[in-house]
Amino acid sequence: MSPKLNLQTTIAGIDFRNPILNAAGVWCQSTAELDTLLTSSAGGAVTKSATVKSRLGNATPRLKSLPLGSINSMGLPNYGFQYYLDYVTKQQATDQHNLILSIAGLSVADNLTMLRQIQSSDYTGLVELNLSCPNVAGKSQVGYDFAAVADLLATIFTFFDGKLGLKLPPYFDLHQFDELSAILNQYPLAYINAINSIGNGLIVDPLTESVVIKPKGGFGGIGGNYVKPTALANVRAFRLRLNPTIKIIGTGGISSGQDVFEHILCGADLVQIGTALGTEGPAIFERVTNELSDLMAAKGYQNLADFRGKLKTL
Ligand SMILES: Cc1cc2nc3c(=O)[nH]c(=O)nc-3n(C[C@H](O)[C@H](O)[C@H](O)COP(=O)(O)O)c2cc1C
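Computed from a predicted model, the values in this text were never measured in an experiment.

S.K.: So what exactly am I meant to see when it comes to the overall build of the chain here?
M.R.: Per the secondary structure count, the chain includes 9 helices and 16 strands. The C-alpha radius of gyration computed for the chain amounts to 18 Å, which stays within 12% of the reference 20 Å derived for 314 residues, consistent with globular compactness. If one aligns the C-alpha atoms of the chain with their principal axes, the spans along those axes are about 55 × 50 × 40 Å. Relative to its 314 residues, the chain shows a buried fraction of 54%. Expressed as a percentage of contacts within the chain between residues at least 6 apart in sequence, the contacts between residues at least 24 apart total 72%. A total of about 13200 Å² of accessible surface is found on the chain, and carbon and sulfur atoms cover 54% of it.

What follows is the structure, given as structure tokens:
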């Protein structure tokens, strides 16, 4: 990286020397995996979305890598909330602040329980509330029920004064961005993260005439190249509508420096890699960072702010 290039970015006062992290659920279930991320070229790490109690998740096979991306129906396998809270708190005590604690309660009560525990703990870092897991049988994605999101935020902000971000599902209608942004703009959110997997896709293997994952009859969340245009649209649509104090994490379809560049051009402050990290492993962070640096150098950009959100329209 040229000495003049600066990839630094900040969310709610938390500095990241590099804007590229893992996406929740990939390479982050165990503390060993999280340690690997923190010693890689990644800018930090997000923990696996935690439920109050540990979960084994759905039946296998539950993840399939495909030429253009992935389909998964993991069902939130995780070691339980306390495991991840202990990890981020321990890291914070050693001055490692570039972490995001992801939580995904199976009910409103579970989400409030975890947020209350965070509020009364020593952890003061970023928290990502996942409102968009498409893969728990019998549970719908809260992010598609705007009245429920409004109620939840109204309750949360009666007691929570930490650094809260929301992981959102993809939206497809411009009216949805208007409606949801009007709700989100009423609260001191640190950020939104767009997007989670595109829910309930179906991949068909014509050879075996079968689905490729077992849970839910083969329906699962789609990630990777398939989802990049939807992810970019969500980042852009929210950046045009949200208060500037609410930052944006761009997730979806990133596997190269150019993909990162496009997300930032649409307005992302930070980006996350899911599917491609799963197939390539943590070495991806060095490659993608170098590609982003080369692209910025070729264009004469020295900081992310030089092009963030500056997408041109015709
Ligand atoms: C195996 C797998 C597990 C995932 N688990 C979670 C999770 O626990 N919490 C979450 O917010 N998103 C989860 N996701 C979604 C990703 O964080 C990401 O939003 C999505 O895959 C789109 O990014 P990508 O195109 O880089 O894969 C998971 C994705 C995959 C592929």
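After that view of the structure, there is still more to cover.
S.K.: Before we go on, may I ask you to explain helix α7 (residues 257-265) in this structure?
M.R.: Residues lying three or four places apart along an α-helix face the same way, a consequence of the helix completing one turn every 3.6 residues. When you tally the buried positions in α7, you get 8 out of 9 residues, the bulk of the element. Those residues of α7 not exposed but buried are G257, D259, V260, F261, E262, H263, I264 and L265. Elements in contact with the buried residues of α7: β3 (20-22), α6 (228-239), β15 (247-251), β16 (270-273) and α9 (284-299). G267 sits one or two positions beyond α7 and adopts a positive phi of about 125°.

S.K.: Explain the site of the ligand here, please?
M.R.: Surrounding the ligand, one finds 25 residues, the nearest of these being K48, S49, G224, G253 and T275. The separation between an oxygen atom of the ligand and a polar main-chain atom of G224 is 2.7 Å. Look at the ligand: alone it shows 600 Å² of surface, and the protein chains cover 96% of it. Taken together, the residues of the shell around the ligand break down into 9 nonpolar, 14 polar and 2 charged.

S.K.: What's the story with the environment of D205 in this structure? I'm lost.
M.R.: Looking at where D205 falls in the secondary structure, it is placed in strand β12 (residues 204-205). By relative accessible area, which is 26% here, D205 ends up partly exposed. The spatial distance from the C-alpha of D205 to the C-alpha of R17 is 42 Å, given a sequence separation of 188 residues. Excluding residues that lie within four positions of it along the chain, D205 makes contacts with S210 and V212. Of the polar contacts made by the side chain of D205, one reaches the backbone nitrogen of L207; its length is 2.9 Å.

S.K.: Mind showing me how you'd approach the packing of aromatic side chains here?
M.R.: Between two aromatic rings, the relevant description is the distance of the centres plus the angle of the planes. Tallying each qualifying case throughout the model produces 11 aromatic pairs. Residues F261 and F307 carry aromatic rings whose centres are separated by 4.5 Å and whose planes lie at 25° to one another, so their mutual orientation is stacked. One end of the pair, F261, is in helix α7; the other, F307, is in the segment after α9, with 46 residues separating them in the sequence. Judged by relative accessible area, which is 7%, F261 ranks as buried.

S.K.: Just checking my understanding: could you explain a nonpolar patch on the surface for this structure?
M.R.: A contiguous nonpolar patch, built from L202, V204, V211 and F219 and spanning about 330 Å² of accessible area, is present on the exposed surface. Residue position: V204 is located in strand β12. The exposure class assigned to V204 is exposed, which follows from its relative accessible area of 56%.

S.K.: Help me out: how do you make sense of the sheet that holds strand β8 (residues 126-130) in this one?
M.R.: Sheets are built from strands paired through backbone hydrogen bonds, the pairs being either parallel or antiparallel. An order of β3-β16-β15-β10-β9-β8-β7-β4 is seen for the 8 strands of this open sheet, with the pairing classed as parallel. Whereas interior strands pair on both sides, the edge strands pair on one side only; in this sheet they are β3 and β4 (45-46). Note that β4 and strand β7 (residues 99-103) share 2 bridges and pair parallel. Note on β7: the bridge partner recorded for A45 is L99.

Parameters and conventions
Residues numbered from 1 in each chain as written. Predicted model: local features only at pLDDT ≥ 70, side-chain atom pairs only at ≥ 80, totals over all residues. Heavy atoms only, no water. Helix = DSSP H or I, 4+ residues; strand = E, 2+ residues; numbered from the N terminus. Rg over C-alpha atoms; globule rule 2.2 N^0.38 Å. Buried < 20%, exposed > 50% of the residue type's maximum accessible area, 1.4 Å probe, protein only. Contact = heavy atoms within 4.5 Å. Areas by Shrake-Rupley, 256 points an atom, 1.4 Å probe, with all protein chains shown as cover. Near = heavy atom within 4 Å. Polar contact = N/O pair within 3.5 Å; in protein donor to acceptor, adjacent residues only side chain to side chain. Nonpolar A, V, L, I, M, F, W, Y, C, P; charged D, E, K, R; others polar. Phe/Tyr/Trp six-rings, centres within 6.5 Å; stacked < 30°, edge-to-face > 60°. Patch = residues over 30% accessible without salt bridge, like charges linked within 9 Å, V, L, I, M, F, W, Y side chains within 5 Å. Salt bridge = Lys/Arg side-chain N within 4 Å of Asp/Glu carboxyl O. Pairing = 2+ DSSP bridges.

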